[in-house]
Amino acid sequence: MEQWKGKIAIVTGASAGIGEAIVVKLVQYGVHVVALARREVKLKELAESLNGKGNDYGKVHIKVCDVTDEQAVKNVFSWVDSALGGVSILINNAGTLKISSLLNGKLEDWQDMMNLNVLALNVCSREAFQSMTRNKIDGHIIQVNSTTGHSLTPCFSLKMYNATKHAVRVLCEGLRHEIQLVGSKIKVSSISPGAVWTDLLSDVLEHIKEPNSTVQLNNALKTEDVANAVISTLATPPSVLIAELIIMANGSLIQSHNQLSPAVVENLLKS
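Residues numbered from 1 in each chain as written. Predicted model: local features only at pLDDT ≥ 70, side-chain atom pairs only at ≥ 80, totals over all residues. Heavy atoms only, no water.

- Going by what an unreviewed UniProt entry lists, the protein chain is known as Farnesol dehydrogenase-like and is assigned to Aphis glycines.

Now the structure itself:
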């Protein structure tokens with residue numbers, strides 16, 4: 001990680017969960033982080049907890065930003081270029097999950113997932129590539145995906161989310177291909193964790209209320225596990241790329257085979 005000390009990283013969805021854990025870990029390695037999220041109070045608390053720890057630590061800059069707003073994203077990258085000299089690392093972590101069946105789901109739920117999980121991710125990747133190119137930085141773009149991008153979920157009402165994560169996998173390889181074609185040395189990696197204990201997962205389990213559902217209480221990663229995977233991916237030498245890293249709690253499967261009970265499906269259709 002010595003190669004990234006003093007460099008600039010942008011982390012989306014940084015105010016809680018996986019994003020927060022990634023910010024903490026990067027700062028510990030001396031990386032300066034521009035933390036993006038919509039919740040200003042949470043961002044300020046994160047910065048206050050990390051800044052001022054000493055010269056060996058990186059500094060946290062906070063920017064309130066809805067990454068589904070293209071102009072807001074452009075403004076952040078423009079500020080990073082002018083104030084900090086450009087970005088070296090982008091961690092595309094922001095994402096959302098809506099319980100929304102293909103049979104009776106709401107269009108706005110599907111659009112929310114596509115806009116944040118797919119389109120915003122691509123906008124941030126585009127702006128990062130352009131910033132790195134302008135500033136002659138051989139940087140690293142990391143997409144935080146999911147094992148649902150490598151499987152077909154058996155979970156009722158999570159199919160559109162499943163589709164967005166497959167899209168991320170396609171776009172990650174596509175971005176890597178286009179970068180190769182223009183002769184750039186910028187790296188593109190995807191990290192796909194299985195179930196991770198976050199507020200998002202808790203909300204899903206509370207909504208499903210299924211004791212034997214796909215996600216078992218004792219079979220999920222911690223946010224720090226994903227942050228450590230990010231560090232492992234960044235710590236490779238310039239000649240080595242971790243293109244795809246899948247991590248799961250021991251005992252998990254990429255393709256889950258558990259099914260929701262008919263009663264739970266009926267309740268989800270009514271909700």
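And the narrative resumes.
## Some words on the pattern of salt bridges
And then number 1: Overall, the coordinates contain 10 salt bridges when judged by the stated rule.
And then number 2: Glu70 serves as the salt-bridge partner of Lys74, at 3.9 Å between the closest nitrogen and oxygen. Remark: Glu70 and Lys74 occur in helix H3 (residues 70–84); sequence separation between them is 4 residues, near one turn of the helix.
And then number 3: The exposure class assigned to Glu70 is partly exposed, which follows from its relative accessible area of 36%.
And then number 4: Arg126 serves as the salt-bridge partner of Glu70, at 2.7 Å between the closest nitrogen and oxygen. Of this pair, Glu70 sits in helix H3 while Arg126 sits in helix H4 (residues 107–134), and the two are 56 residues apart along the sequence. (Salt bridge = Lys/Arg side-chain N within 4 Å of Asp/Glu carboxyl O. Helix = DSSP H or I, 4+ residues; strand = E, 2+ residues; numbered from the N terminus. Buried < 20%, exposed > 50% of the residue type's maximum accessible area, 1.4 Å probe, protein only.)

## Details of the packing of aromatic side chains
Two measures describe an aromatic ring pair: the distance that separates the ring centres and the angle between the ring planes.
And then number 1: For the structure on display, the rule yields 0 aromatic pairs.
And then number 2: We note Lys63 situated over the ring of Trp79; from NZ or CZ to the ring centre the distance is 4.2 Å. (Phe/Tyr/Trp six-rings, centres within 6.5 Å; stacked < 30°, edge-to-face > 60°. Lys NZ or Arg CZ within 6 Å of the ring centre and 35° of its normal.)

## A word on the nonpolar core
In summary, soluble globular proteins display a tendency toward joint burial of nonpolar side chains.
And then number 1: If you look at the biggest cluster of nonpolar residues, it comprises 35 residues, and the most contacted ones within it are Val11, Ile22, Val23, Leu26, Ile91 and Leu234.
And then number 2: In this structure, Ile91 is in contact with Ile10, Val11, Thr12, Ile22, Leu26, Ile142, Val144 and Val230, ignoring residues within four places of it in sequence.
And then number 3: Judged by nonpolar contacts, the second largest core, of 27 residues, contains Val34, Val67, Phe77 and Met132. (Core = buried A, V, L, I, M, F, W, Y, C linked by side-chain atoms within 4.5 Å. Contact = heavy atoms within 4.5 Å.)

## Topic: the pairing of strand S3 (residues 60–64)
And then number 1: Two strands pair when backbone bridges link them, and strand S2 (residues 32–37) and S3 are joined in this way by 5 bridges, in the parallel orientation. For Val34, the partnering residue across the bridge sits in S3 and is His61.
And then number 2: In this view, the connection linking S2 to its parallel neighbour S3 by way of helix H2 (residues 40–50) has right-handed handedness. (Pairing = 2+ DSSP bridges. Right-handed = clockwise from strand over helix to strand, strands pointing away.)

## A closer look at H3
And then number 1: Over its 15 residues, H3 runs 21 Å from end to end, which matches the ideal 21 Å to within 8%, given 1.5 Å per residue.
And then number 2: Those residues of H3 not exposed but buried are Ala72, Val73, Val76, Phe77, Val80 and Asp81.
And then number 3: Looking one or two residues beyond H3, the residue adopting positive phi is Gly85, at roughly 90°. (Expected span 1.5 Å × (residues − 1).)

## Quick word on the side chain of Asp81
And then number 1: As for its position among the elements, Asp81 is in helix H3.
And then number 2: For Asp81, the side chain forms a polar contact with the side chain of Asn135, separated by 3.1 Å.
And then number 3: Setting aside chain neighbours within four positions, we find Asp81 in contact with Gly86, Ser131, Arg134 and Asn135. (Polar contact = N/O pair within 3.5 Å; in protein donor to acceptor, adjacent residues only side chain to side chain.)

## Some words on the pairing of strand S4 (residues 89–92)
Note on strand geometry: in a regular strand, side chains alternate between the two faces of the sheet.
And then number 1: Burial of the side chains of S4 extends over both faces: Ile89 and Ile91 are buried on one face and Leu90 and Asn92 on the other.
And then number 2: The sheet contact formed by strand S1 (residues 8–11) and S4 spans 3 bridges and is parallel. For Ile10, the partnering residue across the bridge sits in S4 and is Leu90.
And then number 3: Here 4 bridges tie S4 to strand S5 (residues 140–144), and the two strands are oriented parallel to one another. In the strand pairing of S5, Ile89 is matched with His140.
And then number 4: Note that the unit made of S4, H4 and S5 has a crossover that is right-handed.

## A look at the sheet that holds S1
And then number 1: Sheet architecture is open: 7 strands sit in the order S3-S2-S1-S4-S5-S6-S7, paired in parallel fashion. At either end of the open sheet lies a strand with only one pairing partner, and these are S3 and strand S7 (244–247). The average undirected angle you get between the axes of adjacent strands in this sheet is 15°.
And then number 2: On top of the sheet, helix H1 (residues 17–28) reaches S1, S2, S3, S4 and S5; it is set at about 170° to S1, its chief contact.
And then number 3: Across the sheet, H4 is in contact with S4 and S5; its angle to S4 comes to roughly 180°. (Axes fitted to C-alpha atoms, helices over the stretch in contact; angles between N-to-C directions.)

## Comments concerning the state of the cysteines
A covalent bond bridging the sulfur atoms of two cysteines is what the word disulfide describes.
And then number 1: In the structure shown here, the tally under the stated rule is 0 disulfides.
And then number 2: A disulfide-free cysteine, Cys65 has its sulfur positioned 6.9 Å from the sulfur of Cys124, the nearest such atom.
And then number 3: The exposure class of Cys65 is buried, given its relative accessible area of 5%. (Disulfide = S-S within 2.5 Å.)

## With respect to H4
And then number 1: With 28 residues, H4 should reach 40 Å at 1.5 Å per residue; the first-to-last C-alpha distance of 38 Å fits that figure.
And then number 2: Where H4 terminates, the next one or two residues include Lys136, which has phi positive at roughly 55°.

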